[in-house]
Amino acid sequence: MERLGERNRPGFGYHLKVHTFRTLTAVLAWALVVAAFYQKPELLTSAQRLMQRGIEAVGGAVALLSPVDAVTLGSDRHVVHVAGEAPMELAARVVVNAAGLWAPDVASRMQGLAADEVPRAFFAKGNYFSLRGRAPFSRLVYPVPDPGGLGVHLTLDLAGQGRFGPDVEWIAPRSADDIDYRVDAGRVHSFYAAIRSYWPAVADGALAPAYSGVRPKLGSAQQASADFVMRGPAEHGIAGLVNLFGIESPGVTACLAIADEVSAMLAR
Ligand SMILES: Cc1cc2nc3c(=O)[nH]c(=O)nc-3n(C[C@H](O)[C@H](O)[C@H](O)COP(=O)(O)OP(=O)(O)OC[C@H]3O[C@@H](n4cnc5c(N)ncnc54)[C@H](O)[C@@H]3O)c2cc1C
């Protein structure tokens, strides 16, 4: 197996572009916050377009609605089979599987990857309820974590609106289309109980269903929480392949550090 050696390491020009892109991303993130605060969807769209241009400026391309169906792993090139409206085959020296909830599913479609490299996927939905009226807190409130989650904590948006969540609801979807993101209003009782452990005065009727998300888990409800799993050439022996499993919270906060680690795994 050929590894990425000194010859393949990116030079100064590449690093300059990448760091410029990172700085631009931080500026854009602030632009997004301002756009969201002033409820300007057109600013959000422009910021997303600028982000796409930034990716393209460092040699990337953004392909939406292009699901990866399978990957044929090779010794120096991998072939990515893409389905969707414009099916294609893409030869790639490096493949990073960052498919979130479906990363184990994508890994299971990699011909040439040992079966024991594919973890079993579990899914934990996290529901949020919003607070009617103003929250009496000026800071986030985090209780002691629950098994599978951080506990029903309070977050505040830029307008000071309070939102409680996420709880932990184990689900077993067969595909992305099989996930019901609606918040079950009946779960509100467990929210009042959890919130009253640190805010006994919260009034009945103060909470309304808000939104939900789903965490990619590597352990079931009965198992201890598992950390992120990053498997690169040193682990599975296949050059130019990194699989990222169980990237749940704080995956966004940690994304730049994860990207650095992925680059290092590929360069080792
Ligand atoms: C309720 C909740 C609250 C959270 N709060 C926080 C927080 O406060 N702070 C924080 O840092 N993180 C938080 N997270 C975690 C954060 O959202 C994730 O860690 C992060 O989104 C993971 O990023 P990712 O790129 O690995 O995966 P994702 O963001 O899930 O992206 C994966 C992408 O791969 C695509 N994909 C899947 N299958 C295929 C395929 N076959 N072909 C092509 N594309 C495919 C998907 O469509 C998706 O676009 C939270 C998560 C949840 C659910």
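Calculation criteria
Per chain, residues are indexed from 1 in the order of the written sequence. Per-residue local features of the predicted model are confined to residues with pLDDT of at least 70, and side-chain atom pairs are confined, for both listing and counting, to 80 or more; whole-chain, interface and lining totals are unaffected and use all residues. To qualify as a helix, a DSSP run of H or I must reach at least 4 residues; to qualify as a strand, a run of E must reach at least 2; elements of each kind are numbered from the N terminus. Whether a residue is buried, exposed or partly exposed is read from the other C-beta atoms within 10 Å of its own C-beta, which are placed from the backbone; 20 or more gives buried, 12 or fewer gives exposed, and intermediate counts give partly exposed. Contact between residues is assigned whenever the C-beta positions, reconstructed from backbone atoms, fall within 7 Å. Angular values range over 0 to 180 degrees, each being the angle between N-to-C directions of two axes fitted as lines to C-alpha atoms, with helices fitted over their stretch in contact. Note on terminology: angles under 35 degrees are roughly parallel, angles over 145 are roughly antiparallel, angles of 65 to 115 are roughly perpendicular, and the others are oblique. Each residue receives one of three labels: charged for Asp, Glu, Lys and Arg, nonpolar for Ala, Val, Leu, Ile, Met, Phe, Trp, Tyr, Cys and Pro, and polar for the others, Gly being one of them. By definition, a residue lies near a molecule or strand when the C-beta atom built from its backbone is within 6 Å of it. Those domain boundaries reflect an automatic or database domain assignment. Note: two strands are recorded as paired if DSSP finds a minimum of 2 bridges between them. Working rule for helices: expected span equals 1.5 Å times residues minus one. The term nonpolar core refers to a group of buried residues, namely Ala, Val, Leu, Ile, Met, Phe, Trp, Tyr and Cys, whose C-beta atoms join them within 7 Å.

J.: Describe in detail the overall build of the protein, supporting the description with residues and values.
T.: Counting its secondary structure elements, the protein contains 6 helices and 12 strands. For the protein, the spread of C-alpha atoms along the principal axes amounts to about 65 × 40 × 35 Å. Taking all 268 residues of the protein together, 19% fall into the buried category. Counting only contacts in the protein whose residues sit at least 6 apart along the sequence, the fraction spanning at least 24 positions is 61%.

J.: Would you mind going over the packing of helix H1 (residues 12-37) against helix H2 (residues 41-57) in detail, with residue names and values included?
T.: At their nearest, the axes of H1 and H2 sit 10 Å apart, and the two run at 175 degrees to each other. By the angle class used here, H1 and H2 are roughly antiparallel. Side by side, H1 and H2 meet where Lys17, Phe21, Leu24, Thr25, Leu28, Ala31, Leu32 and Ala35 of the first sit next to Leu43, Leu44, Ala47, Leu50, Met51, Gly54 and Ala57 of the second. For the contact of H1 with H2, the class distribution of residues is 12 nonpolar, 2 polar and 1 charged.

J.: Describe the site of the ligand, with residues and values.
T.: Near the ligand there are 21 residues, and of these Gly100, Gly126, Gly213, Gly251 and Val252 occur at the shortest range. Examining the composition of the shell around the ligand, we find that 3 residues originate from one element, strand S10 (residues 207-217), more than from any other. Tallied by class, the residues present in the shell around the ligand amount to 13 nonpolar, 6 polar and 2 charged.

J.: Pulling in residues and values, what's your account of unusual backbone geometry?
T.: Cis geometry is found at the peptide bond from Gly165 to Pro166, where omega equals -10 degrees. Within the secondary structure, Pro166 sits in the loop between strand S8 (161-165) and strand S9 (169-171). That bond from Ser249 to Pro250 is cis: its omega, 10 degrees, falls within 30 degrees of zero. Relative to the assigned elements, Pro250 resides in the loop between strand S12 (241-245) and helix H6 (255-267). Backbone geometry places Leu65, a non-glycine residue, at a positive phi of 50 degrees. By secondary structure assignment, the location of Leu65 is in the loop between H2 and strand S1 (68-72).

J.: Summarise the domain arrangement of the protein; cite the residues concerned and give the values.
T.: The domains assigned to the protein are domain 1 (1-62) and domain 2 (122-217). Between the C-alpha centres of domain 1 and domain 2 there is a distance of 31 Å.

J.: Can you tell me about the environment of Val94, naming the residues and giving the values?
T.: Looking at where Val94 falls in the secondary structure, it is placed in the loop between strand S3 (88-92) and strand S4 (95-97). Put simply, Val94 and Arg77 are 17 residues apart on the chain and 7.6 Å apart in space, counted from C-alpha to C-alpha. Leaving out residues up to four positions away in the same chain, Val94 has contacts with Gly240 and Leu266.

J.: For the sheet that holds strand S5 (residues 110-111), give the residues involved together with the corresponding values.
T.: Strand-to-strand pairing in sheets goes through backbone hydrogen bonds, with the strands running parallel or antiparallel. Read across the open sheet, the 4 strands follow the order S3-S2-S1-S5; overall the sheet is mixed. Whereas interior strands pair on both sides, the edge strands pair on one side only; in this sheet they are S3 and S5. Judged from the 5 bridges that link them, strand S2 (residues 78-82) and S3 form a sheet pairing that is antiparallel. Paired with His81 across the strands is Glu89, a residue of S3.

J.: Residue-level account of the sheet that holds S12, with values.
T.: Spatially, S4-S12-S11 is the arrangement adopted by the 3 strands of the open sheet, whose pairing is mixed. Bordering the open sheet on either side are S4 and strand S11 (229-231), each of which pairs with just one other strand. Mean inter-strand twist for the sheet, computed between neighbouring axes without regard to direction, equals 10 degrees. With 3 bridges joining them, S4 and S12 adopt parallel strand pairing.

J.: An account of H2 is needed here, citing residue identities and associated values.
T.: Relative to the 24 Å expected for 17 residues at 1.5 Å per residue, H2 spans 24 Å between its end C-alpha atoms, a close match to the ideal helical length. Of the residues one or two after H2, Gly59 is the one with positive phi, at around 90 degrees.

J.: So what's going on with the environment of Ala29? Which residues, and what values?
T.: Within the element layout of this structure, Ala29 appears in helix H1. Sequence-wise, Ala29 and Gln48 are 19 residues apart; in three dimensions their C-alpha atoms are separated by 9.9 Å.

J.: Help me get a handle on the nonpolar core, residues and values and all.
T.: Ranked by size, the top nonpolar core spans 14 residues in total, and within it Ala103, Ala107, Met110, Leu113, Leu241, Val242 and Leu244 carry the most contacts. Elements supplying a minimum of two residues to this core: helix H3 (103-108) and S12. The element that contributes the greatest number of residues to this core is S12, accounting for 4 residues. Non-local contacts of Ala103, meaning those with residues more than four positions away in its chain, are made with Asn97, Ala98, Pro216, Asn243, Leu244 and Phe245.

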